[in-house]
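Residue-level listing of the chains:
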Amino acid sequence: SPDPTRRVDVVVIGAGQAGLSAAYHLKRLGASFVVLDANPAPGGAWQHRWRSLTMSDVHGIAMLPGLDVPERVNDEPARTFVPAYYAAYEARFDLPVVRPVRVLRVEDAEASAGSRSSAGAPASTSETAGRDLLVRTDVGTWRAPAVINATGTWERPFWPSYPGGSSFRGRQLHTVDYEGPEAMAGLDVVVVGGGASAVQILGEVAPVTASTTWVTRREPVWRVGEFNPDAGRDAAALVEDRVRRGLPPQSVVSVTGLMLRPQEQRAAAMGAYDRHPMFTRIEPDGVRMADWSFRHADVIVWATGFRAALGHLAPLHLREDTGGVRLVAREDAHTPTTAARDHRVQLVGYGPSASTIGANRAGRVAARSAMRVVASRAAAA
Ligand code: FAD
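Heads up: these notes are all about the structure in this document. All figures in this text were calculated on a predicted structure; none of them were measured in a lab.

## Re the overall build of the protein
Right, so step 1: In terms of regular secondary structure, the protein is built from 8 helices and 19 strands.
Right, so step 2: Scaling as 2.2 N^0.38, a compact globule of 381 residues should have a C-alpha radius of gyration of about 21 Å, and the protein matches this with 22 Å.
Right, so step 3: Its C-alpha atoms put the protein at 70 × 45 × 45 Å along the principal axes.
Right, so step 4: Once local pairs closer than 6 in sequence are excluded, the contacts in the protein between residues at least 24 apart make up 69%.
Right, so step 5: Per element, the accessible surface of the protein, about 17200 Å² overall, is 52% carbon and sulfur.

## A few points about the sheet that holds strand E1 (residues 6-7)
One key point about sheets: their strands pair by backbone hydrogen bonds, in either a parallel or an antiparallel sense.
Right, so step 1: Spatially, 4 strands are ordered E1-E7-E6-E5 in an open sheet, and the strand pairing comes out mixed. With one partner strand each, in any of the chains shown, E1 and strand E5 (103-108) form the two edges of the open sheet.
Right, so step 2: Here 5 bridges tie E5 to strand E6 (residues 133-137), and the two strands are oriented antiparallel to one another. Bridge assignment links Glu-107 to a residue of E6, and that residue is Leu-134.

## Focus: the packing of helix H1 (residues 17-28) against helix H8 (residues 356-380)
Right, so step 1: The interhelical angle for the contact between H1 and H8, taken along N-to-C directions, is 40°, at an axis separation of 7 Å. Between H1 and H8, the crossing angle belongs to the class labelled oblique. The handedness of the crossing between H1 and H8 comes out as right-handed. Note on element contacts: H8 touches H1 through Thr-356, Ala-359, Asn-360, Gly-363, Arg-364, Ala-367 and Met-371, opposite Gln-17, Ala-18, Ser-21, Ala-22, His-25 and Leu-26.
Right, so step 2: Split by residue class, the contact of H1 with H8 holds 6 nonpolar, 6 polar and 1 charged.

## What to know about the pattern of salt bridges
Right, so step 1: Inspection of every chain in the model, using the stated rule, returns 22 salt bridges.
Right, so step 2: With a shortest N-O distance of 3.5 Å, Arg-99 and Asp-37 are connected by a salt bridge. Remark: Asp-37 occurs in the loop between strand E3 (33-36) and helix H2 (78-92) and Arg-99 occurs in the loop between strand E4 (97-98) and E5; sequence separation between them is 62 residues.
Right, so step 3: Linking Asp-132 and Arg-377 is a salt bridge whose minimum nitrogen-to-oxygen distance equals 2.9 Å. Here the residue Asp-132 occupies a position in the loop between helix H4 (125-128) and E6, and Arg-377 occupies one in helix H8, the gap between them amounting to 245 residues.
Right, so step 4: Note on Arg-377: relative accessible area 22%, which makes it partly exposed.

## Here's the deal with the packing of H1 against H2
Right, so step 1: As a packed pair, H1 and H2 sit with axes 11 Å apart at the nearest point and diverge in direction by 15°. One way to sum up the angle between H1 and H2 is to call them roughly parallel. Here H1 and H2 pass one another in a crossing that is left-handed. Across from Gln-17, Leu-20 and Tyr-24 in H1, the residues of H2 making contact are Tyr-86, Tyr-89 and Glu-90.
Right, so step 2: Class assignment of the residues belonging to the contact of H1 with H2 gives a composition of 4 nonpolar, 1 polar and 1 charged.

## Side note on the side chain of Thr-54
Right, so step 1: Following the sequence through the fold, Thr-54 ends up in the loop between E3 and H2.
Right, so step 2: With a relative accessible area of 14%, Thr-54 lands in the buried category.
Right, so step 3: Once residues within four sequence positions are removed from consideration, Thr-54 is found in contact with Asn-74, Asp-75, Glu-76, Pro-77 and Ala-78.

Rules and cut-offs
- Residues numbered from 1 in each chain as written.
- Predicted model: local features only at pLDDT ≥ 70, side-chain atom pairs only at ≥ 80, totals over all residues.
- Heavy atoms only, no water.
- Helix = DSSP H or I, 4+ residues; strand = E, 2+ residues; numbered from the N terminus.
- Rg over C-alpha atoms; globule rule 2.2 N^0.38 Å.
- Contact = heavy atoms within 4.5 Å.
- Areas by Shrake-Rupley, 256 points an atom, 1.4 Å probe, with all protein chains shown as cover.
- Pairing = 2+ DSSP bridges.
- Axes fitted to C-alpha atoms, helices over the stretch in contact; angles between N-to-C directions.
- Parallel < 35°, antiparallel > 145°, perpendicular 65-115°, else oblique.
- Left-handed = near helix turned anticlockwise from the far one by under 90°.
- Nonpolar A, V, L, I, M, F, W, Y, C, P; charged D, E, K, R; others polar.
- Salt bridge = Lys/Arg side-chain N within 4 Å of Asp/Glu carboxyl O.
- Buried < 20%, exposed > 50% of the residue type's maximum accessible area, 1.4 Å probe, protein only.

This is how it looks when you write it as structure tokens:
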């Protein structure tokens, strides 16, 4: 029977800011490639942001290479504004995005043919360099010498586990489930987490709830004065150092500090930002605080962040014992995108490049690094 596998130079997984940037550069480099995206429509994770998150609530998105971001309308929801920009971008550069396609597994072609155990230790990078990768999806398989992974974090919300969680009689939700304050009117709400999402959600819900309680593991870090680009760069450098060492990355945005905007002043005046240490356990009707006092709760909102959505890369054994994927810089000493354990794989939107600015630069470096793998394959053939 004919081989249903489609062959390309590079498979890009994910069509958010990082994947689109990589796609633009692959096109300029003359690659044959495809972008596989699990979402039904353009926009990456932005299409799922909560309804009440407007363009005046977010820091703003960086311009993708070659097309200006349209002038923003401050009260337009981010979940329509950004997807419209990405849709225009895909059309303008005629990018080969195929959706909805979910990548289930990326495998070494030989391992999958059974010549070595896919469960064993990773092959050395020199051993794997000459072999293709198989990208298995819910609609078939693509085969390529190189893969650029740009799958973001939205699909892997992080829920910490606390004793008593399953006994709670109220509702527990994560940032990904939040749809605006209306459903919390008149209720007692506990918000967990020390990042920008927690601050924004408190700002919206405090004016309509019966009470809010804000708990975080560490003292929140407030930004003093204007956003300082040097501090932003320092934060990114810190995260970059972590991925060079194979440690799990931290959020770049989380290290730049929190601030209250005009739309949060009402909640601030109500005391919503009086932070408490993390509760010690969850009880059926509320939470037991660190000082043993009890807070009644109808809702617990877990604004506790995300992890990189990399489960489909598990067959390649990219993770270090330290918990992260170690990245090395091959094309540009400043931007590590290549997986140290398998140079056929580039990660973009991971660690230091997990912001729209970082994703742009990483996309360019990853496209060039992937094409270097393709060229060395062609030279060896
Ligand atoms: P995403 O936009 O998440 O795109 C990943 C794509 O990969 C998705 O379309 C997904 O469907 C697809 N995918 C995932 N797994 C698979 C799979 N197995 N198979 C196929 N496809 C898959 N950054 C800023 O720079 N400015 C901001 O103002 C800002 N505001 C933010 C606000 C919130 C609430 C959050 C949560 C984040 C914010 N960020 C902001 C961070 C920002 O989201 C990222 O920097 C950037 O948009 C992520 O782009 P990405 O391409 O890495 O991922």
